[in-house]
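Survey of secondary and tertiary structure
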Amino acid sequence: MDYKSVLEKLCALPGPSGFEEPVVQTAAKLLKPLTDEVIITRMGSVVGVRRCGRENAPRLLLDAHLDEIGLIVTSREEGFLRFAALGGVDPRMLPDREVVLLTEPPIYGVVACLPPHVQNSEDMEKSQPIKELCIDVGLSQEEAGRRIPSGTPAVYRGGCAPLGEDLFCGKALDDRAGFAVLLDVLERVKDKPLNLDLYVLGSTQEETHSTGAVTAAYEIAPRMCVAVDVTHGNSPDAPKHETFQLGGGPVIGVGPNCAASMSGCLKALAKQKEIPVQIEVMAGHSGTNAWPIQISREGVATAVLSIPERYMHTPVEVVSKKDLEATAELLAAYVEDCGTQDEGVELC
């Protein structure tokens, strides 16, 4: 898998929650040569299906969301745009940030900010709430109203680029890095016989309400699901006990959102394949699509496999290529290891 090429392509595309079509269409093209069928769901998610050829075979779902956090225009004041957040936007990231308004053609803007020269010490030590911020697009009130109607979404300006020798840095790596891993898994198992039907889901609206994953899981009705997402990576100012080492391997979730049999199988396979892994205790909500998928229909056995990521929900998210490759290797081994016997399929 050429992660550099794939991530540059995916992360350059806009896809805030509810407005994912550009990245979904590209994801569909990437899935097509690796699957038997590609489907776009009613909620705009993309599904690639790799069938094993057995009638009524059990279904394994691999999920990674394609949407990113973003902004949406709510009104205009003297040509400046007021906006609300789409997903978990950190207001500290916004002042003086470059954004792209998703008009046709796109319009660039900057989030307005006061220079330090005109701030008092109290202002400099606090972040402004989103309701007090606005976007400067360099237009008059009339022109802004004509070209940028209320409801126009926006994303951080940027894409993805190498950082040092092993890292990637950019926007929307949460969770397009996860989707790139799923493409790598499909490449690794492409010419290998499978004992189940494999469904790869690039889901929409995870950053808001997991709508794409909820509806796709209901339609697919899988027996098992592995949600691939990001978790918090280490940095100098981050608590050691709540973060995970970049380059230390994928992070296996353990807790009520993670079927013990599946987590145990992933750990055993990692040991067998000598793949370094880390363990994250998830005492409740995993913060991933595995949470709602687990209770789809009569219930789905779920696992969470995470990629350590620094600076989550910023335009400079950072992941390690080593972790992406190790996550794909472990997940491909899991897909192959879901073994069969003549009388049926055994789950890990």
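The preceding data block contains the structure.
So, here's what we can say about the structure. (Residues numbered from 1 in each chain as written. Predicted model: local features only at pLDDT ≥ 70, side-chain atom pairs only at ≥ 80, totals over all residues. Heavy atoms only, no water.)

Points about the overall build of the protein
Here is the rule we go by: Numbering goes from the N terminus for both helices and strands, where a helix is a DSSP run of H or I of at least four residues and a strand is a run of E of at least two. As defined in this context, the radius of gyration uses C-alpha atoms, and a globule is described by 2.2 Å times the residue total to the power 0.38. The cut-offs for exposure are 20% and 50% of the maximum accessible area for each residue type, with area from a 1.4 Å probe on protein chains only; residues under the lower value are buried, those over the upper are exposed, and the others partly exposed. Contacts: residue pairs with any heavy atoms within 4.5 Å of one another. What sets the accessible areas is the Shrake-Rupley method with a 1.4 Å probe; for residues, cover comes only from the shown protein chains. For the purpose of charge, His is not counted, nor are the chain termini; Lys and Arg are scored as positive and Asp and Glu as negative. Every charge is mapped onto a representative atom, which is NZ of Lys, CZ of Arg, CG of Asp or CD of Glu.
Along the backbone of the protein there are 9 helices and 19 strands. The C-alpha atoms of the protein give 21 Å as radius of gyration, which agrees with the globular expectation for 348 residues (20 Å, within 12%). C-alpha atoms of the protein, sized along the principal axes, occupy 75 × 40 × 35 Å. Counting all 348 residues of the protein, 53% fall into the buried class. Partitioning the contacts of the protein with sequence separation of at least 6, the portion at a separation of at least 24 is 76%. Accessible area of the protein: about 15800 Å², with a carbon and sulfur share of 49%. For the protein, the distance from the average position of its 32 positive side-chain charges to the average position of its 50 negative side-chain charges is 3 Å.

Observations concerning the nonpolar core
In globular proteins that are soluble, nonpolar side chains generally tend to be buried together. Using the following cut-off: Think of a nonpolar core as a cluster: buried Ala, Val, Leu, Ile, Met, Phe, Trp, Tyr and Cys residues, connected wherever their side-chain atoms sit within 4.5 Å.
Among the nonpolar cores identified, the biggest contains 61 residues, and L60, L62, F179, L198, V226, L324 and Y334 are the most heavily contacted of them. In this structure, L198 is in contact with G48, V49, R50, L60, L62, L186, V189 and V335, ignoring residues within four places of it in sequence. By size, the runner-up hydrophobic cluster in this structure holds 21 residues, among which are L71, V89, M93 and I130.

Concerning the packing of aromatic side chains
Threshold: The aromatic pairing rule takes the rings of Phe, Tyr and Trp, using the six-membered ring of Trp, and pairs them if the centres are within 6.5 Å, calling planes under 30 degrees apart stacked, those over 60 edge-to-face and the rest tilted. Two conditions define a charge sitting above a ring: the NZ of Lys or the CZ of Arg must be within 6 Å of the ring centre, and it must be within 35 degrees of the ring normal.
Scanning all chains against the criterion turns up 0 aromatic pairs. Positioned above the aromatic ring of Y108, the side-chain terminus of R157 is 4.1 Å from the ring centre. Sitting over the ring of Y218, R297 keeps its end group 4.0 Å from the ring centre.

Some thoughts on the sheet that holds strand β17 (residues 317-320)
Quick reminder of the rule: For two strands to be treated as a pair, DSSP must find no fewer than two bridges joining them. In this analysis an axis means a line fitted to C-alpha atoms, helices contributing only their contacting stretch, and an angle means the value between N-to-C directions, from 0 to 180 degrees.
Sheet architecture is open: 3 strands sit in the order β10-β11-β17, paired in antiparallel fashion. A strand with exactly one partner marks an edge of an open sheet, and here the two such strands are β10 (160-163) and β17. Going across the sheet, the axis of each strand differs from the next one's by a mean of 30°, ignoring polarity. Summarising the sheet, strand β11 (residues 167-170) and β17 pair through 4 bridges and their orientation is antiparallel. Across the sheet, residue G170 finds its bridge partner in β17, namely E317. Here helix α1 (residues 3-11) sits on the sheet in contact with β10 and β11, set at roughly 140° to β10. Strand contacts of helix α5 (residues 173-188): β10, β11 and β17, with the helix running at about 25° to β17, the strand carrying the most contacts.

Notes on the environment of N234
Relative to the assigned elements, N234 resides in the loop between β13 (224-232) and β14 (251-254). We classify N234 as buried; its relative accessible area is 15%. Sequence separation between N234 and R157 is 77 residues, and the spatial gap between their C-alpha atoms is 25 Å. In this structure N234 touches T243, F244, Q245, L246 and R310, once residues within four positions along its chain are discounted.

Side note on the environment of Q294
Stated precisely, the cut-off is as follows: Here a polar contact means two N or O atoms within 3.5 Å. Within protein one must be a hydrogen donor candidate and the other an acceptor candidate, and residues neighboring in sequence count only if both atoms are side-chain atoms.
In this structure, Q294 sits in the loop between α8 (290-293) and β16 (301-309). Taking the C-alpha atoms as reference points, Q294 and C225, 69 residues apart in sequence, are found 8.1 Å from one another. Once you skip the residues sitting within four places of it in the chain, Q294 turns out to touch P256, N257, C258, G299, V300 and T302. For Q294, the side chain forms a polar contact with the main-chain oxygen of P256, separated by 2.9 Å.

Concerning the environment of H241
Tracing the sequence through the fold places H241 in the loop between β13 and β14. Sequence separation of H241 and R82 is 159 residues, and the distance between their C-alpha atoms is 38 Å. At a separation of 3.3 Å, a polar atom in the side chain of H241 contacts the side chain of E242.

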